[in-house]
Amino acid sequence: MRDTKTIIEDIKDLVKSKGYIYALCMILFDDFHIDPEKLHIIDYRASLSINEASLLLGFLIQNEINLTVPDSPGELIEMKKQTYALMEELHNSFNLPFIDKLKQSIENPQNKENYRTAQKEFFGKGNLLIESIFYSGTGVYDFQYFEFLEKKYKYDMKWLVENKSFEISETKRIVLQIKDILQKKSEIVNWRNLKQTMPEFIERLKKKKPNEDWDKHAQDILPMIEFHQYLKLFFQSLKDEQDLNSEKIKAIHWQSFYENLIDLFVIKKENFNGDVNINSFLDKFSINPKIDLNENFKTVGDYNLINSHPIIRLDSERFFVPITFLLFESVYESPFYWMISDTSYKDEAAKNRGRTGEEITYDFLIKVFGEHRTFQSVKITSRKGHDDTDIDVLCILGSKALCVQVKSKKLTEISRKGNDEALKRDFQGAVQDAYEQGLIARQRILEKGAQFINKEGQEIKLSEEINEVYIMGITTENYPSLTHQCNIMLDKKDGDPYPIVLSIFDLEIVVHYLNDPYEFLYYIRQRINLMDYFISDQEISFLSYHLQKKLWKTPNLDGALLEQSFAQTIDRNYYPLKLGLEISDKGDKLKNRWINEDFNKLCNEIKTIKDARITDIIFHLLDESGKARDNLIYFIKNTKLKTLKDGKSHNFSLPPDDNSMQRVGITYMSLNTNDRLELKYKLLSLCKMRKYRSKADVWIGFGSIKNNSNMIDAIVFSEQKWIYN
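Thresholds applied
Residues numbered from 1 in each chain as written. Predicted model: local features only at pLDDT ≥ 70, side-chain atom pairs only at ≥ 80, totals over all residues. Heavy atoms only, no water. Helix = DSSP H or I, 4+ residues; strand = E, 2+ residues; numbered from the N terminus. Buried < 20%, exposed > 50% of the residue type's maximum accessible area, 1.4 Å probe, protein only. Contact = heavy atoms within 4.5 Å. Areas by Shrake-Rupley, 256 points an atom, 1.4 Å probe, with all protein chains shown as cover. Lys, Arg positive; Asp, Glu negative; His and termini not counted. Charge placed at Lys NZ, Arg CZ, Asp CG, Glu CD. Pairing = 2+ DSSP bridges. Axes fitted to C-alpha atoms, helices over the stretch in contact; angles between N-to-C directions. Parallel < 35°, antiparallel > 145°, perpendicular 65-115°, else oblique. Nonpolar A, V, L, I, M, F, W, Y, C, P; charged D, E, K, R; others polar. Patch = residues over 30% accessible without salt bridge, like charges linked within 9 Å, V, L, I, M, F, W, Y side chains within 5 Å. Salt bridge = Lys/Arg side-chain N within 4 Å of Asp/Glu carboxyl O. Phe/Tyr/Trp six-rings, centres within 6.5 Å; stacked < 30°, edge-to-face > 60°. Lys NZ or Arg CZ within 6 Å of the ring centre and 35° of its normal. Polar contact = N/O pair within 3.5 Å; in protein donor to acceptor, adjacent residues only side chain to side chain. Core = buried A, V, L, I, M, F, W, Y, C linked by side-chain atoms within 4.5 Å. Right-handed = clockwise from strand over helix to strand, strands pointing away. pLDDT = per-residue confidence, 0-100. Left-handed = near helix turned anticlockwise from the far one by under 90°.

**Thoughts on the overall build of the protein**
- Tallying secondary structure elements over the protein gives 28 helices and 16 strands in all.
- Within the span of the protein, comprising 725 residues, buried residues form 51% of the whole.
- Sequence separation of 24 or more characterises 73% of the internal contacts of the protein that already satisfy a separation of 6 or more.
- In the structure as shown, the protein presents an accessible area of about 35,800 Å², 49% of it carried by carbon and sulfur atoms.
- Here the protein contributes 101 positively and 109 negatively charged side chains, and the mean placements of these two sets differ by 6 Å.

Below is the structure:
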């Protein structure tokens, strides 16, 4: 296996090839042209990522772009193949440090008593984190950048207008118009998604005629099929084809193809009306490729000018926009760098970042927990005149609390190159500090001896029945490989709980799908409790799995690795929804998932009861499997029906599941009278007896009176450990 540096040099040489920009255009169209109907089945491993494409573009702008066409269509296809081959080889080269370290650990095994220490020593070094940082997903949808743009810079508007002529609403209009222009241009291509459809087609042919060498046939005809997608580009520029011989027509057609292929990614100043300052916009976000431009960009992790200036100037009128996502990202990120370069304003900008991050987080969580259960900027005082720490956002739900700490630390350029010390510093600022603050806050809440003061200076009276506090870290920045780094690099003592750490973009999505406070906090609990069990490189994979199956240990499995397809399920549902795209429900697993409405009705009835322990009861019910939930509802309905039919009291009990983490049993009683006190007394007695007989640690009792349509009219609950009597 060749080393990274050698492969990078080959990539640079390829990018300098005559006509390479045309091969790159075909790659960009193939890999970033998305059919919303197929978002859940895209094979991202067969395509370049945003970062990989940016790498190629970063090398492309280091010289004047050569618009000379390739010597032949065959060379164009060959440059495409070479690109994918080299990029795959580059990816593999980042695994060399892992392979070397694995060999060393096999040859020189060392017993490590502490698993987390051993894990951190093995995986937590910079050279092993470069791969996860560079090849992680984008971590954000393009529209999210614009949804957060105004919120992020709300206190910096004056500086941005006065110093950079950056007006947010105008900038958004321009970018959205650029996206619309390029989207309409793309419609001329009869895109076939060959990376996915071709292998499927070949497999069908192999079944019909297994003796044929269909793989070879496919390689022979694939170039023709590829060009056929762009058929209209061959004729788009021609006005008069009369009196041309066949050879001349062919040459003109190919020239038309190359010109129109580039034009798929081109915008012009004339596309924009005078109501926007397009010149000012292009000055900020475009570059003119030339020799020595972007010269400090030499390898993965280096600052790449294409990320801050994602529009390439071809001439005075034509501007090449290779990836619109980069434009959304640059508009979102650039103001931060403009402001910190102003020494007289950078401190104010930093203060504003922290302020807006806390406000955005609070605004999301208040939608879930409500105003009366969500508190911002909470100070903790354990002795007079001394503040222990503060909580950016505190949420209370019965017997549970959520302590949220918000940070605005970016992953620096030197960290992206694998520098150990830089990675530690960045992680400390983005995650570790928030976690340690959260641990102090958690301890103070559970000790029940401190005072909690809200931002108005008033004391928050916390319930004495709070028995668990979950720690959440929020980063307002798109922090690459955040989930992976938290698993590997977090300093945590045995016995201390894990935190869950999300980007603000992930929080928005989690809040969208789990807007009920009990379901939201249950998800947080499961993520934290199963941190060592489930593995994924992005939060929406965990969320999607939970929505479809529930985060729960599988018997006889020591762990579970969640694949990319779970995240794509969110893509298929959330992206079209947010953009208002009208697409079919076919393939939307989230929209089509079955939900037991009667179970939800039962939970909603329980939630109306004013008791802190209701949260524990709901969590125990949510722990139940889908089959157990169905059985519970079936027995409740039948038991109530029996009472209505024969006028007698009836009950049933569900014993604890021996496979569950806790031994939890349930009793239901349907009383033949409307006496609520009698129901409470009989239900309590029955539950005590059932709990003891079943040797259960937790028991939940539900009861209903005769003439009430509700499923439940009384609840009893016990979490006392079973003790022999």
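What follows continues from the structure just given.
**Regarding helix H14 (residues 278-285)**
- Among the eight residues of H14, six are classified as buried, and the element is accordingly described as predominantly covered.
- What H14 keeps buried is the set Ile 278, Ser 280, Phe 281, Leu 282, Lys 284 and Phe 285.

**Some words on the sheet that holds strand E15 (residues 698-704)**
- Read across the sheet, four strands follow the order E13-E14-E15-E16 without closing on themselves; strand pairing throughout is mixed. In this open sheet, the two edge strands, each paired with only one partner strand, are strand E13 (650-654) and strand E16 (714-718). Between one strand axis and the next, the sheet turns by 10° as a mean value, whatever way the strands run.
- Inspection of the sheet shows strand E14 (residues 664-670) paired to E15 by seven bridges, in the parallel sense. Bridge pairing links Ile 666 to Ile 700 in E15.
- Along the sheet face, helix H27 (residues 626-646) touches E13, E14 and E15 and points at about 165° away from the line of E13.

**Some words on the sheet that holds strand E1 (residues 266-268)**
- Sheet architecture is open: four strands sit in the order E1-E4-E3-E2, paired in mixed fashion. Each edge of the open sheet is held by one strand with a lone partner, namely E1 and strand E2 (286-287).
- Looking at chain direction, E2 and strand E3 (residues 311-313) are connected through two bridges and run parallel. Paired with Ser 286 across the two strands is Ile 311, which belongs to E3.
- Relative to the sheet, helix H10 (residues 168-186) contacts E1 and E3, its axis offset from that of E1 by approximately 125°.

**Description of the packing of helix H8 (residues 142-152) against H10**
- Between H8 and H10, the shortest axis-to-axis distance is 11 Å and the interhelical angle comes to 170°. With respect to each other, H8 and H10 are oriented roughly antiparallel. From H8, Asp 142, Phe 146, Leu 149 and Glu 150 reach across to H10, where they touch Ile 168, Lys 172, Val 175, Leu 176 and Lys 179.
- Tallied by class, residues from the contact of H8 with H10 come to five nonpolar, no polar and four charged.

**Things to note about a nonpolar patch on the surface**
- Among the surface-exposed residues, Met 1, Phe 98 and Ile 99 lie close enough to one another that they form a single nonpolar patch of about 280 Å² accessible area.
- Considering the arrangement of structural elements, one finds Phe 98 in helix H5 (residues 96-107).

**Details of the packing of aromatic side chains**
- For the structure shown, the criterion picks out 41 aromatic pairs.
- Judged by centre distance (5.7 Å) and plane angle (75°), the rings of Tyr 145 and Phe 505 are edge-to-face. Taken together, the residues span a long stretch of sequence, with Tyr 145 in helix H8 and Phe 505 in helix H21 (residues 504-513) at a distance of 360 residues.
- Between Phe 336 and Tyr 337, the ring centres sit 4.9 Å apart and the planes meet at 75°, which makes this aromatic pair edge-to-face.
- Tyr 337 gets classed as partly exposed once you look at its relative accessible area, which sits at 46%.
- It is Lys 164 that lies over the ring of Trp 338; its NZ or CZ is 5.2 Å from the centre.

**Thoughts on the pattern of salt bridges**
- As enumerated under the stated definition, the model contains 41 salt bridges in all.
- With a shortest N-O distance of 3.5 Å, Asp 43 and Arg 45 are connected by a salt bridge.
- Here the residues in one salt-bridge network are Lys 152, Glu 333, Arg 353, Lys 410 and Glu 477, joined through shared partners.

**Let's talk about helix H25 (residues 597-607)**
- Three or more residues of H25 are buried, namely Phe 599, Leu 602, Cys 603, Glu 605, Ile 606 and Lys 607.
- Looking at the packing, one finds that the buried side of H25 touches helix H22 (517-529), helix H26 (614-623), H27, E15 and E16.
- Residue Asn 596 occupies the N-cap position of H25, its side-chain oxygen lying 3.1 Å from the main-chain nitrogen of Asp 598.

**Details of the environment of Asn 296**
- By the secondary structure assignment, Asn 296 is in the loop between E2 and helix H15 (305-308).
- Each C-alpha atom, one on Asn 296 and one on Gln 62, is 9.8 Å from the other, the two residues being 234 residues apart in sequence.

**Section: unusual backbone geometry**
- The phi dihedral of Ser 165 falls on the positive side, at around 50°, and the residue is not glycine.
- Relative to the helices and strands, Ser 165 is located in the loop between helix H9 (157-164) and H10.
- With a relative accessible area of 48%, Ser 165 lands in the partly exposed category.

**Looking at the nonpolar core**
- In terms of nonpolar packing, the biggest core is built from 191 residues, with Phe 281 and Phe 520 touching the most fellow members.
- Top element by residues in this core is helix H2 (residues 20-32). It accounts for 10 residues.
- Contact partners of Phe 281, with chain neighbours within four places excluded, come to Thr 171, Ile 174, Val 175, Ile 178, Ile 311, Leu 327 and Val 331.
- Judged by nonpolar contacts, the second largest core, of 16 residues, contains Val 378, Ile 445, Phe 452 and Ile 466.

**So, the pairing of E14**
- Burial within E14 is extensive, with seven of its seven residues counted as buried.
- Alternating residues of E14 divide into Val 664, Ile 666, Tyr 668 and Ser 670 and Gly 665, Thr 667 and Met 669, and every residue in both groups is buried.
- Inspection of the sheet shows E13 paired to E14 by five bridges, in the antiparallel sense. By the bridge assignment, His 650 is partnered in E14 with Ser 670.
- Crossover connection from E14 via helix H28 (residues 676-694) to parallel E15: handedness right-handed.

**Details of the confidence of the model for the protein**
- Averaged over the protein, the pLDDT score is 91; the fraction of residues at 70 or greater is 94%.
- For residues 241-246, every residue scores under 50 in pLDDT, and the model assigns this stretch five contacts once sequence neighbours within four places are set aside.

**Examining the side chain of Lys 410**
- Take Lys 410: it is sitting in the loop between strand E7 (400-407) and helix H18 (413-416).
- Among the polar contacts made by the side chain of Lys 410, one reaches the side chain of Glu 333 at a distance of 2.3 Å.
- Setting aside anything within four residues of it in sequence, one finds Lys 410 in contact with Lys 152, Glu 333, Phe 336, Tyr 337, Arg 353, Asp 426, Glu 477 and Tyr 479.

**Thoughts on the pairing of E16**
- With four of five residues buried, E16 lies mostly within the body of the structure.
- As defined by bridge partners, E15 adjoins E16 across five bridges and the pair is classed as antiparallel. The residue bridging Gly 703 from the neighbouring strand is Ala 714, located in E16.

**Quick notes on the side chain of Gln 437**
- You can see Gln 437 is positioned in helix H19 (residues 420-447).
- Aside from chain neighbours lying at most four places away, what touches Gln 437 is Thr 389, Asp 390, Gln 405 and Lys 407.

**Brief notes about the packing of helix H17 (residues 346-369) against H21**
- Close contact between H17 and H21 brings their axes to 10 Å; oriented N to C, the two are set at 15°. When the axes of H17 and H21 are compared, the pair comes out roughly parallel. For the pair H17 and H21, the crossing hand works out as left-handed. Facing H17, whose interface residues are Ile 360, Thr 361, Phe 364, Leu 365 and Val 368, H21 presents Ile 504, Leu 507, Glu 508 and Val 511.
- Residue composition of the contact of H17 with H21, by class: seven nonpolar, one polar and one charged.

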